[in-house]
Structures are given as C-alpha cells and as structure tokens.
Amino acid sequence: MVYKYNLGNKAFFLFVSLLLIFSLQLQAKTLQSRLIQGGFHIGKVQPHEDIIYKGQSVRVDETGRFIIGFGRDASLKQSYIVRSGLGQQRQVDLKLEKRDYKVQRIKGVARKYVTPPERVLKRIRNDNRQVKEARKYDTEYGFFFKGFLRPAEGPVSGVYGSQRYFNGKPRRPHFGLDIAGPVGAGILAPAAGVVRLAESDMYYSGGTLIIDHGAGISSSFLHLSKLNVKAGQKVKRGEVVAEMGATGRVTGPHLDWRINWFDVRMDPALMLIE
Ligand SMILES: [Zn+2]
C-alpha cells in the first residue's frame, strides 16, 4: 500500500513538473516587456480601460493588451495613465535600464552618401515622407505579441544604437540590426503583417520594405536587391518577402532590419523569440 502510494506521489510530481515546464515553454512564446532604452513595455489592463502615454491614447486590444515602445535615448523614468470609466485613473511608473552604445567607424563610403549633393535632397525628403507615412498606421493587428523570427541568416554586422562616423564624419546613430549575407539570400517576414511600403530604389536605403505588424509596430528592411511583395499585401510569419542586397548606402551586402513603434525607433534584437 505504502509503496503504491509513493509511486502515485512520484508520478503526480512528475506530471506537475512536466505541466510546469510545458506552461513555461508556452509562456516563452509571447513577447515580454523589456524595460531598457530601445525596448518596450507590454501591459495588460481591462479591455475597456484606456491608456494615455505622453498625452496620447494607446491602442488596447480586446484582451486588454497594449505596447509602448522606447527610443534609443528614452528617459529612464517612464509613466502612463490608465483610465477606467467614471473618471477614475491611476498612474503606472516604469523604470528603464540605461544602455551604453558602441561607436562604429565606417570607411570607404561613397562620397555622395556621406554628403549628398544638392540635386538629391528633394528625393531624400520624398523618401523620408513615404517612410513616415508607412509607419503611422495604428491597426488592430497584434502579430508582434508572438515575438519576431530572425528575418535572415548570417553574422550580425551592425547593432542598434551605435554612434556612427562615415569616413570620419559624425552621422546619425544606427537604428537597425545588420545581418550580413550574400545578395539574393531570402528575407523572411519576422512576424505576420501588411506591407505598407515596397520601393525598389530609395536614396539611402535602396530596395526598401515596411511591414505593419499592428498597433504602430512596423519592421523596415533596407538595401534589398529584390522585393517579392507589394504595398497593401498581407504576409505570413516566415514568408519570403524579399532578397538581400547591397543597394543604397552600403559597403557590402547585408540586411538592415529596423523596428518602430510609430516614429519611435526600437531595438529589433530585443524582440526576437528563438
Ligand atoms: Zn545598417
């Protein structure tokens, strides 16, 4: 009897442990907050509650989830307001971890990309306008909650946040995750979404693709040699949407992958789930 009872006990504990491991694995499949500069906060409130961040309303999905993105130099003290019905509201404070960024010196960049000639300034402005438009969508999709797949194979050749010098001249920091590889290598949609921009020839970024993953979260893919999709098209997670290239301001073939929350530039490496 005692022996039998013990066996039952062991089996029960084994069962509970397996259940725990399984549920932890399930949990790991959804994106969790990364409270650090370049990171993001994923929160949960009642679906009928409103979130106000920096005076703006933030989309809350039907289960009460929402995301707030933090930029490269975001203030370490963050807060948002949760508003429920009947005028009740509370403030939630968040503390971000500070980051140190690398300095990246890039030599051998064509002069026209370090100091663009007068005649291309209009084109650059137009490119910027199109990119801005493509990143302003606030759709009900929540495809990013599952986290992102690595969109290309290959060594990381550039990280988010680096202060950059082109041919010795200081320029804007780098906001992407660069993955080096051969021209023609397949680029996968890291999460499902809708294509908002598909341009084969932008001045700095060359072949450029922007996918809207919902609630203001978008991926941008730069320097592509070929685009397989068009603006307005829906894409699945893992679908081959483009080919790696060396178009625009590059010193070699690579993918520059960026993630935005509207115009806030975040670190794609923090959103990978593998
Ligand atoms: Zn890059």
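Let us now look at the coordination of the zinc ion. Those protein atoms acting as donors to the zinc ion are His174 (NE2), Asp178 (OD), Asp178 (OD) and Asp256 (OD), and they sit at 2.1 to 2.6 Å. For the zinc ion, the 4 donor atoms are set out with angles of 54 to 155 degrees between them, so the coordination reads as irregular. In primary sequence terms, the donor set of the zinc ion follows H-x3-D-x77-D. Here Asp178 is found in strand β11 (residues 177-180), whereas its partner Asp256 is found in strand β19 (residues 254-261), with 78 residues between them in sequence. For the pair shown, Asp178 and Asp256 are each scored as buried.

Next up on the list: helix α3 (residues 121-134). End to end, α3 covers 20 Å across 14 residues, agreeing with the expected 20 Å (1.5 Å per residue, within 8%). If you check which residues of α3 are buried, you get Ile124, Asp127, Val131 and Ala134. Looking straight down α3, one finds that the buried residues subtend no more than 85 degrees of arc, so they occupy a single side. Along α3, the residues that are exposed and aim more than 90 degrees away from the buried face are Lys122, Arg125, Arg129 and Lys132. Of the surrounding elements, those touching the buried residues of α3 are β13 (193-202) and β14 (206-214).

Quick look at the pairing of β13 now. Side-chain direction in a regular strand flips from residue to residue, so the side chains alternate between the two faces of the sheet. Two strands pair when backbone bridges link them, and β13 and strand β17 (residues 234-235) are joined in this way by 2 bridges, in the antiparallel orientation. Residue pairing in the sheet places Val194 in a bridge with Lys234 of β17. Across 6 bridges, the pairing between β13 and β14 is antiparallel. Considered in β14, the bridge of Glu199 is made with Thr208. Linking β13 back to β14 in an antiparallel pair, the connection comprises 3 residues.

For soluble globular proteins, the rule of thumb is that nonpolar side chains tend to be buried together. Ranked by internal contacts, the top residues of the largest apolar core, which has 48 residues, are Ile51, Ile68, Phe148, Ile187, Leu209 and Val241. In terms of residue count, β19 provides more of this core than any other element does, 4 residues in total. Viewed by domain, this core spans two of them, domain 1 (40-95) and domain 2 (103-271), each represented by three or more residues. Setting aside residues no more than four positions away along its own chain, Ile51 makes contact with Val45, Gln56, Ser57, Val58, Val60, Phe66, Ile68, Tyr80, Ile81 and Val82.

Within the fold, Arg123 resides in helix α3. Take Arg123: its relative accessible area is 34%, and that puts it in the partly exposed class. Dropping the residues within four chain positions of it, Arg123 is found in contact with Asp201, Met202 and Tyr203. Looking at Arg123, its side chain comes within polar contact range of the main-chain oxygen of Asp201, at 3.3 Å.

Each aromatic ring pair is summarised here by two numbers: the centre-to-centre distance and the angle between the ring planes. Inspection of the entire model under this criterion finds 11 aromatic pairs. Judged by centre distance (5.2 Å) and plane angle (55 degrees), the rings of Tyr113 and Tyr203 are tilted. Here Tyr113, found in helix α2 (residues 111-114), pairs with Tyr203, found in the loop between β13 and β14; they are 90 residues apart in sequence, far enough to count as distant. Both residues of the pair, Tyr113 and Tyr203, belong to the buried class. These aromatic residues form a ring-pair network of at least three members: Tyr53, Trp261 and Phe262. It is Arg65 that lies over the ring of Phe145; its NZ or CZ is 3.8 Å from the centre. Note that Arg196 overlies the ring of Tyr137, its terminal NZ or CZ placed 3.8 Å from the centroid.

Definitions and limits used
- Residues numbered from 1 in each chain as written.
- Predicted model: local features only at pLDDT ≥ 70, side-chain atom pairs only at ≥ 80, totals over all residues.
- Heavy atoms only, no water.
- Donors = N, O, S within 2.8 Å, 3.2 Å for Na, K, Ca; no water.
- Tetrahedral: all angles 85-135°; square planar, octahedral: opposite > 155°, others 65-115°.
- Helix = DSSP H or I, 4+ residues; strand = E, 2+ residues; numbered from the N terminus.
- Buried < 20%, exposed > 50% of the residue type's maximum accessible area, 1.4 Å probe, protein only.
- Expected span 1.5 Å × (residues − 1).
- Arc of directions from axis to C-beta.
- Contact = heavy atoms within 4.5 Å.
- Pairing = 2+ DSSP bridges.
- Core = buried A, V, L, I, M, F, W, Y, C linked by side-chain atoms within 4.5 Å.
- Domains from an automatic or database assignment.
- Polar contact = N/O pair within 3.5 Å; in protein donor to acceptor, adjacent residues only side chain to side chain.
- Phe/Tyr/Trp six-rings, centres within 6.5 Å; stacked < 30°, edge-to-face > 60°.
- Lys NZ or Arg CZ within 6 Å of the ring centre and 35° of its normal.

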